[in-house]
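Residue-level structure breakdown
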Amino acid sequence: MAYPRGLLSEGEDVVLDLHPHGKALIVPLALVPIVIGLGSFLAAVAPAGSAHRPLQLAVLVVALALLSMFSLRPFLRWQATHYVITNRRIVLRSGILSRRGRDIPLNRVNDVSFEHGLLERLLRTGSLTVESAGERGQLVLTDVPRVERVQHTIYELVQQHELRRDRDENDG
């Protein structure tokens, strides 16, 4: 799901619209066949008799609860998290039922740095730290896909913004 255009200011364009790296979904997706397989096996070997149906129902309820907590919820959290870079600001939006958001205007960005370990380097992901001149200091975005490219893009956008500002001051 793309970042809603209605949340952009006039003349503002989305440069990058990202979700956290897909590595966050590896374990939740791997659990799906495991839980389904184990649940099916347990339901099939439930002893015959008057407790057969209630045991199968209990296995189904436990399997659905496990899938909801450990597969569906992480997927929805991943889907609802947006890292958006526009030509004017850096936007973080997250949350499934209740939402959180933070915006940093490009003219407030002092420094952009990234960090990634060996595994993250192989997966082309990492953490991005944006230092801001605002009261709240820094914004840390975790599991940013192609983190080096995103850092470079933000740097270029900040430079373009500064050039435009200097040009406007000299013209005015």
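Residues numbered from 1 in each chain as written. Predicted model: local features only at pLDDT ≥ 70, side-chain atom pairs only at ≥ 80, totals over all residues. Heavy atoms only, no water.

For the rest of this paragraph, the subject is a nonpolar patch on the surface. Side chains of Leu72, Phe75, Leu76, Ile96 and Leu97 sit close together on the surface and give an oily, nonpolar patch of about 490 Å² of accessible area. For Leu97, a relative accessible area of 84% puts it in the exposed group. (Patch = residues over 30% accessible without salt bridge, like charges linked within 9 Å, V, L, I, M, F, W, Y side chains within 5 Å. Areas by Shrake-Rupley, 256 points an atom, 1.4 Å probe, with all protein chains shown as cover. Salt bridge = Lys/Arg side-chain N within 4 Å of Asp/Glu carboxyl O. Buried < 20%, exposed > 50% of the residue type's maximum accessible area, 1.4 Å probe, protein only.)

This part covers helix α1 (residues 26-44). In an α-helix there are 3.6 residues to a turn, and that puts residues three or four apart on one side. Helix length check: α1 (19 residues) gives 28 Å between terminal C-alpha atoms against 27 Å at 1.5 Å per residue, within 8%. Of all the positions in α1, only Pro28, Val35, Gly39 and Ala43 are classed as buried. Residues of α1 that are buried in the fold lie against α2 (52-79). (Helix = DSSP H or I, 4+ residues; strand = E, 2+ residues; numbered from the N terminus. Expected span 1.5 Å × (residues − 1). Contact = heavy atoms within 4.5 Å.)

Per the counting criterion, the structure on display carries six salt bridges. Between Arg93 and Asp103 there is a salt bridge, and its shortest N-O distance comes to 2.7 Å. Here Arg93 is found in strand β3 (residues 89-94), whereas its partner Asp103 is found in strand β4 (residues 100-105), with ten residues between them in sequence. Given the relative accessible area of 19%, Arg93 is considered buried.

Locating Thr153 in the fold gives a position in helix α4 (residues 147-171). Apart from residues no more than four positions distant in its own chain, Thr153 is found in contact with Val15 and Leu16.

Looking now at α2. An ideal rise of 1.5 Å per residue puts 40 Å on 28 residues; α2 measures up with 38 Å between its terminal C-alpha atoms. Taking the largest bend as the criterion, α2 deviates by roughly 40°, centred on Ser68. Buried within α2 we find Gln56, Ala63, Leu67, Ser71 and Trp78. (Bend = angle between axes of the 7 residues up to and from the residue.)

What follows concerns the nonpolar core. In terms of nonpolar packing, the biggest core is built from 20 residues, with Ile90, Leu128, Val144 and Ile154 touching the most fellow members. Elements represented by at least two residues in this core include exactly β1 (14-18), β2 (82-86), β3, β5 (109-115), β6 (125-132), β7 (138-145) and α4. Examining the composition of this core, we find that five residues originate from one element, α4, more than from any other. Discounting residues that sit within four places of it in the chain, Ile90 has contacts with Val84, Ile85, Arg102, Asp103, Ile104, Leu106, Val109, Val130, Leu139 and Ile154. (Core = buried A, V, L, I, M, F, W, Y, C linked by side-chain atoms within 4.5 Å.)

Take the sheet that holds β2 next. Judged by pairing direction, the sheet is antiparallel, and its four strands sit side by side in the order β1-β2-β3-β4 without closing on themselves. The sheet is open, and its two borders are formed by β1 and β4, each paired with just one other strand. Across the sheet, the axes of successive neighbouring strands diverge by a mean angle of 10°, strand direction being ignored. Note: β2 against β3, four bridges, orientation antiparallel. When the sheet's bridge partners are listed, His82 is paired in β3 with Arg93. (Pairing = 2+ DSSP bridges. Axes fitted to C-alpha atoms, helices over the stretch in contact; angles between N-to-C directions.)

Two measures define how a pair of helices packs: the angle their axes make with one another and the distance between the axes. Relative orientation of the contacting elements α1 and α2 amounts to 180°, with a least axis distance of 10 Å. Compared by their axis directions, α1 and α2 come out roughly antiparallel. The segment α1 lies against α2, with Pro28, Leu31, Val32, Val35, Ile36, Gly39, Leu42 and Ala43 engaging His52, Gln56, Val59, Ala63, Leu66, Leu67, Phe70, Ser71 and Pro74. (Parallel < 35°, antiparallel > 145°, perpendicular 65-115°, else oblique.)

Another point: the environment of Arg124. Looking at the secondary structure, you find Arg124 in the loop between α3 (118-123) and β6. Taking relative accessible area as the criterion, Arg124 reaches 61% and is therefore assigned exposed. As a C-alpha pair, Arg124 and Pro145 span 21 residues in sequence and 6.1 Å in three-dimensional space. Those residues in contact with Arg124, other than ones at most four positions away along the chain, are His21, Val144, Pro145, Arg146 and Val147.

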